[in-house]
Amino acid sequence: FFFFFFIQYCAVAMVFFRFVVAVFVLALFVNFVLAKDCSVRDFAAAAAALQQHKCRELKVKMSPPLVSVSDESFVGFLDALGADPHVRELELIENGLGDEGVSAIMTALIKRNMDLYGLEIVNNKLTDNGVGELIRFLIKSSALRELTLSSNELTDQGASDIADSLPRQTHEVDFSHNLIGDLGFLSLLQAAGRVMLREIELEGNAVTSDGAVAAADFLLESDDRLREIDLKENDISDDGVIALQAAVAKLMEKGRSLTVKLPHRPKVHRAEKKRAPPRNRSLNWDENKVSEWVKNISPSFEQYGALFQANAVNGAVLTSITDEDLRDVIGIDNPMHRRRILAELRAVLARDEL
């Protein structure tokens, strides 16, 4: 009797489970069918779209420039965005937001229960001073896959701070047409070892041959998932191009596929020339200067300044420091932080202003 009852119970439970799964799948299907891509030209229309439709993607493009974050239509948009449970991709293009406007929108996004898959802030005069709330959003995010911040005014500092905060599942970042130089580029490469980055777009920035050479060395040492780096329209001369091309060729020999889009390609006879070995250089820095340099790499590196000072590391010692020294002597356990310090050091030694 008990065996028969158990069999009946299992059968009923299975039917109920299938019913629940069917209802869940149907709800997802209905939600997908009803959801739509919403494209508007001002924030008042954006607020209305969020309130009246299930917008899967919201694009606000070429709206009148934002005059004040206290503007009634903009405040209405912020309220609607903060309460919206549907938007998964947000595109803000040519809205004149500035740092204050971007920060206000990030604050609204942080309040949402639903995360974003994609975020675009394009041609909105975003500077390093305005990335604070963006970083808070990135730290909170658990689903963001694509981040586009093209045609803004970000420099190395902003790019480095954002790189340190990228969610692990980020696949693509687009910083095209900003003011990012070698250090910002290397910071993004460093992030690729921590997150799931496949593509880094840096077309039209300020990366130089020094950064390209340092990046080539870094790529050969790294074991990340990068598949494409766009460096078109940067100030990279033949030496940098040759170094990156050689690095890509070596990676291909190891079975890794990486495409690097470069400003130009040198002639074959130039490519066949061997690069001159780097000059032996030393930094004329005292212990305090080294400590400050380390702390300024990233806010999270503040703790390491005292460690370098405690070990009497000056410029001469810094130039020959190794990963083992950083781990066993200085006491930096985080391998990604050690790699970042070494990458920054290579960039410094590549410059002529020592």
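As shown above, the structure is provided for reference.
The rules behind these values
- Residues numbered from 1 in each chain as written.
- Predicted model: local features only at pLDDT ≥ 70, side-chain atom pairs only at ≥ 80, totals over all residues.
- Heavy atoms only, no water.
- Helix = DSSP H or I, 4+ residues; strand = E, 2+ residues; numbered from the N terminus.
- Areas by Shrake-Rupley, 256 points an atom, 1.4 Å probe, with all protein chains shown as cover.
- Axes fitted to C-alpha atoms, helices over the stretch in contact; angles between N-to-C directions.
- Parallel < 35°, antiparallel > 145°, perpendicular 65-115°, else oblique.
- Left-handed = near helix turned anticlockwise from the far one by under 90°.
- Contact = heavy atoms within 4.5 Å.
- Nonpolar A, V, L, I, M, F, W, Y, C, P; charged D, E, K, R; others polar.
- Buried < 20%, exposed > 50% of the residue type's maximum accessible area, 1.4 Å probe, protein only.
- Pairing = 2+ DSSP bridges.

Check the secondary structure of the protein chain and you find 15 helices and nine strands. Accessible area of the protein chain: about 18,200 Å², with a carbon and sulfur share of 54%.

For the pair helix α5 (residues 132-140) and helix α6 (residues 156-165), the least separation of the axes is 9 Å and the interaxial angle reads 20°. Here α6 runs roughly parallel to α5, going by the angle between their axes. For the pair α5 and α6, the sense of crossing is right-handed. Taken together, the residues of α6 that come into contact with α5 (itself represented by Leu-134, Ile-135, Leu-138 and Ile-139) are Asp-161, Ile-162 and Ser-165.

Turning to the packing of α6 against helix α7 (residues 182-192), a few remarks are in order. One way to put it is that α6 packs onto α7 with a least axis distance of 8 Å and a crossing angle of 10°. As the angle between them shows, α6 and α7 are arranged roughly parallel. Contacts from Asp-156, Ala-159, Ser-160 and Ala-163 of α6 reach α7 at Asp-182, Leu-183, Gly-184, Ser-187, Leu-188 and Ala-191. Here the contact of α6 with α7 is built from residues that sort into five nonpolar, three polar and two charged.

To continue, consider unusual backbone geometry. In most cases, non-glycine residues show a negative phi, while peptide bonds are predominantly trans. Residue Asn-123 is not a glycine yet carries a positive backbone phi of 50°. Mapped onto the elements, Asn-123 comes out in the loop between β4 (118-122) and α5. The class of Asn-123 is partly exposed, set by a relative accessible area of 36%. For Lys-125, which is not glycine, the phi dihedral falls at a positive 60°. Within the secondary structure, Lys-125 is located in the loop between β4 and α5.

Here we come to the sheet that holds β4. Across a sheet, paired strands are connected by hydrogen bonds in the backbone, their directions being either parallel or antiparallel. Pairing within the open sheet is parallel, and its nine strands lie in the order β1-β2-β3-β4-β5-β6-β7-β8-β9. Unpaired on one side and paired on the other, β1 (36-40) and β9 (259-261) mark the two borders of the sheet. Strand-to-strand twist of the sheet, defined as the mean angle between neighbouring strand axes without regard to direction, takes the value 5°. One ladder, built from three bridges, connects strand β5 (residues 146-148) with strand β6 (residues 172-174); its direction is parallel. Residue pairing in the sheet places Glu-146 in a bridge with Glu-172 of β6.

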